[in-house]
Amino acid sequence: MPSYWLEIHRGDKLDNIYIAFSALGNTKPFHCLSSNSIIDLHLTGDSQCLPLYRYDKIGNRIDNITDWGLKQIQTHYQDPTITKIDIFHYTYAVLHNPAYRTKYELNLKREFPRLPYYENFQKWVNWGKQLMELHINYETITPYNLTRLDIPLKDNQKTPKAKLKADKTKNSIILDDVTTLENIPKIAWEYMLGNRCALEWILDQYKEKKPKDPTIAEKFNTYRFADYKEIVIDLLMRVCTVSIETMEIIQQMSK
């Protein structure tokens, strides 16, 4: 909520990171996503946010992972080298673990998530760090080489009609009347954020939607998908890479 952001975000200090996850009572399946910028309260449905640290009223930074919490984990694993950022990455990995989500499905709908002590702590830290880097840096990650198929416009058409539809049976995305992205790996559809996959979130955000208010519809409804088409294609290719690599890590957890 806006009133809380000054406690955990400072415009001149951009090194804080956040884990957003399903708020209590959310009807969507449990999911989480990391960010290094301000997160909407309804990021992928009702969300709550865990920052790495926060600020007091005079601007002093306070670790959100307490010294007491750090000591508990260091003692359990008998490893004094464990750091607070290790615990943050560990948390992110655990919240992605399919076995954890299944076992505590009902608890996660009504209680704040709790952390189990998994064996091979450092392995889970590494998975969490990899996932966080993927999800925060999705805009700069290497695009996946999807097949782009373009056909000519019909004679009486000036601008292609936007569609932005995913066809999972054919592993393709129909962008408009003339352009389709093909050969999307099946595993890319499996990276879910709530009740839809990451690729579908992108498609939904870029659809043309006519506002109900007539004044807004007439004077301010200037968005056209055609103006952003190449940007969206690039973004879909990058998110495809993120989805594939995320699922590969999650499959390692399952093993």
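Right, let's walk through the structure included here. A quick note: this is a predicted structure, and the numbers were derived from the prediction, not measured.

Quick look at unusual backbone geometry
For Gln78, which is not a glycine, the phi torsion comes out positive at approximately 50 degrees. By the secondary structure assignment, Gln78 is in the loop between helix 2 (67-77) and helix 3 (84-96). When its relative accessible area of 72% is taken as the criterion, Gln78 is described as exposed.

Looking at the pattern of salt bridges
This model, assessed by the stated rule, comprises 10 salt bridges. Where Lys163 meets Asp177, a salt bridge forms, and the shortest distance between an N and an O atom there is 3.5 Å. Note that Lys163 is positioned in strand 7 (residues 162-167) and Asp177 in the loop between strand 8 (172-176) and strand 9 (179-182), a separation of 14 residues in sequence. Linking Asp234 and Arg238 is a salt bridge whose minimum nitrogen-to-oxygen distance equals 2.7 Å. Of this pair, Asp234 and Arg238 are both found in helix 9 (residues 229-254), four residues apart, which corresponds to roughly one turn of the helix. Overall, Asp234 belongs to the partly exposed group, its relative accessible area being 32%. Since its relative accessible area comes to 16%, Arg238 is described here as buried.

Considering the packing of aromatic side chains
According to the stated counting rule, one finds 11 aromatic pairs in the structure shown. Of the aromatic side chains, those joined through ring pairs into one cluster are Tyr77, Tyr90, Tyr117, Tyr118, Phe121, Trp124 and Trp127. Against the face of Tyr53 rests Arg61, its NZ or CZ located 3.9 Å from the ring centre.

Overview of the sheet that holds strand 7
In spatial order, the strands read 6-9-8-7; together these four strands make up an open sheet with antiparallel pairing. Where the open sheet ends on each side, the last strands, each with one partner, are strand 6 (147-150) and strand 7. Taking the axes of each pair of neighbouring strands and ignoring which way they run, one obtains an average angle of 15 degrees across the sheet. Note: strand 8 against strand 9, two bridges, orientation antiparallel. The residue of strand 9 that forms the bridge with Ile173 is Leu181. Along the sheet face, helix 9 touches strand 6, strand 8 and strand 9 and points at about 10 degrees away from the line of strand 9.

Analysis parameters
What you see as residue numbers is a count from 1 along each chain, following the sequence as written. Residue-level local features of this predicted model are given only where pLDDT is at least 70; pairs of side-chain atoms are given and counted only at 80 or more, and the full residue set underlies all totals for whole chains, interfaces and linings. Water and hydrogen atoms were dropped before computing side-chain values, which therefore reflect all heavy atoms in the structure. Note on conventions: DSSP H or I runs of at least 4 residues are helices, E runs of at least 2 residues are strands, and numbering of each starts at the N terminus. Under the scheme applied here, a residue whose accessible area is under 20% of the maximum for its type counts as buried, over 50% as exposed, and between as partly exposed, the area being computed with a 1.4 Å probe on protein chains only. We define a salt bridge as a contact between a side-chain nitrogen of Lys or Arg and a carboxyl oxygen of Asp or Glu at a distance within 4 Å. Between rings of Phe, Tyr and Trp, where Trp is taken as its six-membered ring, a pair exists when centres lie within 6.5 Å; planes separated by under 30 degrees are stacked, by over 60 edge-to-face, and by other angles tilted. Any Lys NZ or Arg CZ found within 6 Å of a ring centre and within 35 degrees of that ring's normal is scored as a charge over the ring. Two strands pair if DSSP finds at least two bridges between them. A fitted line through C-alpha atoms represents every axis, and for helices the fit uses only the stretch in contact; the resulting angles, taken between N-to-C directions, go from 0 to 180 degrees. Any two residues whose heavy atoms approach within 4.5 Å are treated as being in contact.

None of the figures reported here should be taken as evidence of function without further support.
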